[in-house]
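Here are the chains, one letter per residue:
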Amino acid sequence: MSEKFSPTLRIGDLSDFIAPSQACIVSLKGLKASARKPSDGKPELRNVMSAVPSLWVPNDMVFVSLTFNVGCVTSAETIMLEKQSLDEFLSNIDKGKVVIVSLSPQSRASLAVHFGISPLQVLKKLTTFFKSLGVKAVFDTSCSRDLTIIESCNEFITRYKQSQLVDDEKNKYSLPMISSACPGWICYAEKQLGSYILPYISSVKSPQQTIGAIVKNHMCQKMGLRPDEIYHVTVMPCYDKKLEAARDDFVFQVESRAKTNENEAVMITEVDSVLTSGEVLELIQLKGVDFKTLEDSPLDTMLTNVTEEGHIYGVPGSSGGYGETIFRYAAKMLFGRTIEGPLEFRTIRNSDFQEVTLELFVYVAIIDIVLALNVGCLNGGGQIKPKPGQSGKDLIQLLETVYMENVLVADPFKNPLIRRLYDEWLEQPGSEKAKRHMHTEYHAVVKSITSQLSNW
C-alpha cells in the first residue's frame, strides 16, 4: 500500500499521527531535516507583506507539492488504510449498507481520456455501473468544491480584516492564508513545520471532506437514513486522500439507537473509504464490463453540478480554482473592483510559481498564487497510467484538454445546490454551523525522544 502514496508520504519507519515514534528525516533536498528554526519565530514565507495591504492566496496545490513535499505514511497508518480497498467497498455493498459514491472531476477526466468519451458520459456510465453493483447514489464533488471555495472566500475576507487591526498579537498570524485541500501538504506541515505554519493554513475542509460532512450530517436526513447506515466512498486522483479520510478530525459521534446500548455513542466517519481513479478502472475490468457500451443513466441531482438541460458545470482549474476565485471575490468585496476577463499571472521562479497583482491607486494588493504540483490534481498518483506507447506528457496534455470539455464555467456563489444547503442547513458562509461542519483544525505532531535521537 505505502508505495502508492506520493514519494515523500511513503512509509518511514514508525513515524505517524497516531503514536509518533520516529521523525520523518528526509528533507526537501533529500538531506536530513534541520532542526533550525527561523530566528524571528515566524515561518520563512516569501516577503510580499511589507508596507502595502497584501493578500496571499496560493492556488490549488499549495506551497509545496504532493510529489515533492516531505512527510511519512507509517506502519500504523498503512494498516489503517488497507481497509480502504475494493474488497471493503464490495463487502459493504454485500452487507446491505447504503453505499454512496462521490466522484471527483479529476477522476472523471482520467476515465474519460482512458475510454475516449466525454466527462459527462463518464459520469452517466459510472452511475449505471455503480448502481448495477448496488450503490444507492453517485454524486459529484464539483458541488462540494463550490461550497469549499465560498467558505474559503469568506475566511480570507475575515483574515484580511483582522490583519488590518493594530497592536493585536493574534492578528499578525492572519495572513498569508494557505489553502489546505492537499493532504500531502497538511501531513508535511503538521509533521515538519508545526506551529510555525499551521496558523496560516485555511481551516476550510477539502472538497472530499466537505461532501463527506454533507452526506453524513445533512443528506442522510433528507434520505430518511441514519449516518451509520451509510457507507460513503469517494473517487479521487490521489492515494494521499485515503490518509486524509482516516484523520480523527473527520470523525464525529451520534447516539446509538440500539436498544441494548441506548447511551452508547457511535463513531461516524465522514468518508468511509477512498478509491483512486485507477482502482475504479480495476473494478470495471474485474467485473468484465464493456464500459463504453453501458447505458447513460440519469444523474443524481441532489449533489451533482448539472443543469436542467443536462450540462455539468463548475469552476475552471484542475486543482480547484481557489486562487482565482478568491482573488476576484476579494477584489470586489474589499476594494469594490469587479474583474472581468482572464487574470494575468506573472511567473516568479518557474511555471509552478505565479503571482497576480491588483493595483489600486496608492495601494498595491498582492495575491501570490503558487502552483506547486505540475498541472495539479490531474497529475495525482492515483490517476490511470499511460497506455502502452503513450508518454506521461502526452497523457497530461489530454487530461488538461478533456477536463473542462463541455463543462460550463459557473460562479460558485450562484450554484443553486449550494444556496439550498445554506438555506436548509448551514445558514450563511462562516456561520457557527458552517464552522462546525465545514472547517477543521490542524495539529503539530510532537516528536518523541526516539525521533530526535534518530536525527543524530
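For clarity, every value in this text was computed on a predicted model and none was experimentally measured. (Residues numbered from 1 in each chain as written. Predicted model: local features only at pLDDT ≥ 70, side-chain atom pairs only at ≥ 80, totals over all residues. Heavy atoms only, no water.)

Peer 1: Describe the side chain of S277, with residues and values.
Peer 2: Considering the arrangement of structural elements, one finds S277 in helix α9 (residues 277-286). Excluding residues that lie within four positions of it along the chain, S277 makes contacts with S107, S110, L111, V235, M236, P237, G382, Q383 and I384. (Helix = DSSP H or I, 4+ residues; strand = E, 2+ residues; numbered from the N terminus. Contact = heavy atoms within 4.5 Å.)

Peer 1: Help me get a handle on the side chain of D146, residues and values and all.
Peer 2: Within the element layout of this structure, D146 appears in helix α5 (residues 141-163). No salt bridge is formed by the buried D146; the nearest opposite charge belongs to R145, separated by 5.0 Å. When near neighbours in sequence (up to four residues on either side) are disregarded, D146 contacts N305, V315, P412, N415 and I418. (Buried < 20%, exposed > 50% of the residue type's maximum accessible area, 1.4 Å probe, protein only. Lys, Arg positive; Asp, Glu negative; His and termini not counted. Salt bridge = Lys/Arg side-chain N within 4 Å of Asp/Glu carboxyl O.)

Peer 1: Please provide a residue-by-residue account of the pairing of strand β2 (residues 137-140), values included.
Peer 2: Strand residues, when the strand is regular, have side chains that alternate between the two faces of the sheet. Side chains A137 and F139 of β2 all project onto a buried face; the interleaved residues V138 and D140 project onto the opposite face, where all are buried too. Inspection of the sheet shows strand β1 (residues 98-103) paired to β2 by 4 bridges, in the parallel sense. Following the sheet pairing, L103 is matched in β2 by D140. (Pairing = 2+ DSSP bridges.)

Peer 1: Describe the packing of helix α3 (residues 105-115) against helix α4 (residues 119-133), with residues and values.
Peer 2: In contact at an axis separation of 8 Å, α3 and α4 are set at 100° when each is read in the N-to-C sense. Viewed along their axes, α3 and α4 adopt a mutual orientation that is roughly perpendicular. Across the interface between the two elements, R108, L111 and A112 of α3 pack against P119, V122, L123 and L126 of α4. For the contact of α3 with α4, the residue count by class is 6 nonpolar, no polar and 1 charged. (Axes fitted to C-alpha atoms, helices over the stretch in contact; angles between N-to-C directions. Parallel < 35°, antiparallel > 145°, perpendicular 65-115°, else oblique. Nonpolar A, V, L, I, M, F, W, Y, C, P; charged D, E, K, R; others polar.)

Peer 1: Tell me about the pattern of salt bridges, residues and numbers included.
Peer 2: Tallying each qualifying case throughout the model produces 16 salt bridges. Two residues, E355 and R346, come together in a salt bridge whose shortest N-O distance is 2.6 Å. On the accessibility criterion, E355 (7% relative accessible area) is buried. It is possible to trace a salt-bridge network through shared partners that takes in E190, R247 and D249.

Peer 1: Tell me what's going on with the pairing of strand β6 (residues 273-276), and back it up with residues and numbers.
Peer 2: Side chains S273 and L275 of β6 all project onto a buried face; the interleaved residues V274 and T276 project onto the opposite face, where all are buried too. Looking at chain direction, strand β3 (residues 230-236) and β6 are connected through 4 bridges and run parallel. Within β6, the residue paired with T234 across the bridge is V274.

Peer 1: I'd like a rundown of the sheet that holds β6, residues and numbers included.
Peer 2: Pairing within the open sheet is parallel, and its 4 strands lie in the order β2-β1-β3-β6. Strands with a single pairing partner mark the edges of an open sheet, and in this sheet they are β2 and β6. On average, each strand axis in the sheet is inclined to that of its neighbour by 25°, with strand direction left out of account. Each of β1, β2 and β3 touches α3; the most contacted strand, β1, lies at about 80° to it. Sheet contacts for α5: β1, β2 and β3; angle to β2, the most-contacted strand, approximately 45°.

Peer 1: Outline the environment of R420, listing residues and values.
Peer 2: Within the fold, R420 resides in helix α12 (residues 416-426). Here R420 falls in the partly exposed class, since its relative accessible area comes to 39%. Residues within four places of R420 in sequence aside, it is in contact with K222 and W425.

Peer 1: Account for the nonpolar core, with residues named and values stated.
Peer 2: Counting 43 residues, the largest nonpolar core has F89, L126 and F130 as the members making the most contacts within it. With 7 residues, the top contributor of residues to this core is α4. In contact with F89, other than residues within four places in its own chain, are V99, V101, F130, L133, V135, Y231, V233, L275 and L283. Grouped together as the second largest cluster of nonpolar side chains are 24 residues, A213, C220, I230 and L417 included. (Core = buried A, V, L, I, M, F, W, Y, C linked by side-chain atoms within 4.5 Å.)

Peer 1: Could you give me a rundown of helix α7 (residues 207-222), with the residues and numbers involved?
Peer 2: V215 marks where α7 bends most, by close to 40°. Trailing α7 by a residue or two, G224 shows a phi angle of about 70°, which is positive. (Bend = angle between axes of the 7 residues up to and from the residue.)

Peer 1: Account for helix α11 (residues 392-403), naming residues and giving values.
Peer 2: With 12 residues, α11 extends 16 Å between its outermost C-alpha atoms, agreeing within 8% with the 16 Å of an ideal straight helix rising 1.5 Å per residue. The complete set of buried residues in α11 reads L395, I396, L399, V402 and Y403. Take α11 and look down its axis: the buried residues cluster within an arc of 135°, on one side only. What points out from α11, more than 90 degrees from its buried face, is the exposed set K393 and T401. Buried residues along α11 sit against α3, α4, α5 and β11 (407-409). (Expected span 1.5 Å × (residues − 1). Arc of directions from axis to C-beta.)

Peer 1: Could you give an account of the packing of α5 against α7, with specific residues and numbers?
Peer 2: In the contact formed by α5 and α7, the axes pass within 8 Å of each other and the chain directions differ by 100°. Classified by the angle their axes make, α5 and α7 are roughly perpendicular. On α7, the residues touching T141, S144, R145, L147 and T148 of α5 are P207, T210, I211 and I214. Looking at the contact of α5 with α7, its residues break down into 4 nonpolar, 4 polar and 1 charged.

Peer 1: Residue-level account of the environment of D272, with values.
Peer 2: Structurally, D272 can be placed in the loop between β5 (265-269) and β6. Between the C-alpha atoms of D272 and I230, which are 42 residues apart in sequence, the distance is 8.9 Å. Discounting chain neighbours no more than four positions away, the residues touching D272 are Q84, K216, I230, Y231 and H232. Of the polar contacts made by the side chain of D272, one reaches the side chain of K216; its length is 2.8 Å. Of note is the side chain of D272, whose polar atom sits 2.7 Å from the backbone nitrogen of H232. (Polar contact = N/O pair within 3.5 Å; in protein donor to acceptor, adjacent residues only side chain to side chain.)

Peer 1: Describe in detail the environment of A213, supporting the description with residues and values.
Peer 2: Considering the arrangement of structural elements, one finds A213 in helix α7. Residue class for A213 comes out buried when judged on its relative accessible area of 0%. Other than its neighbours up to four places away in sequence, A213 contacts K205, H218, E270, W425, H437 and M438.

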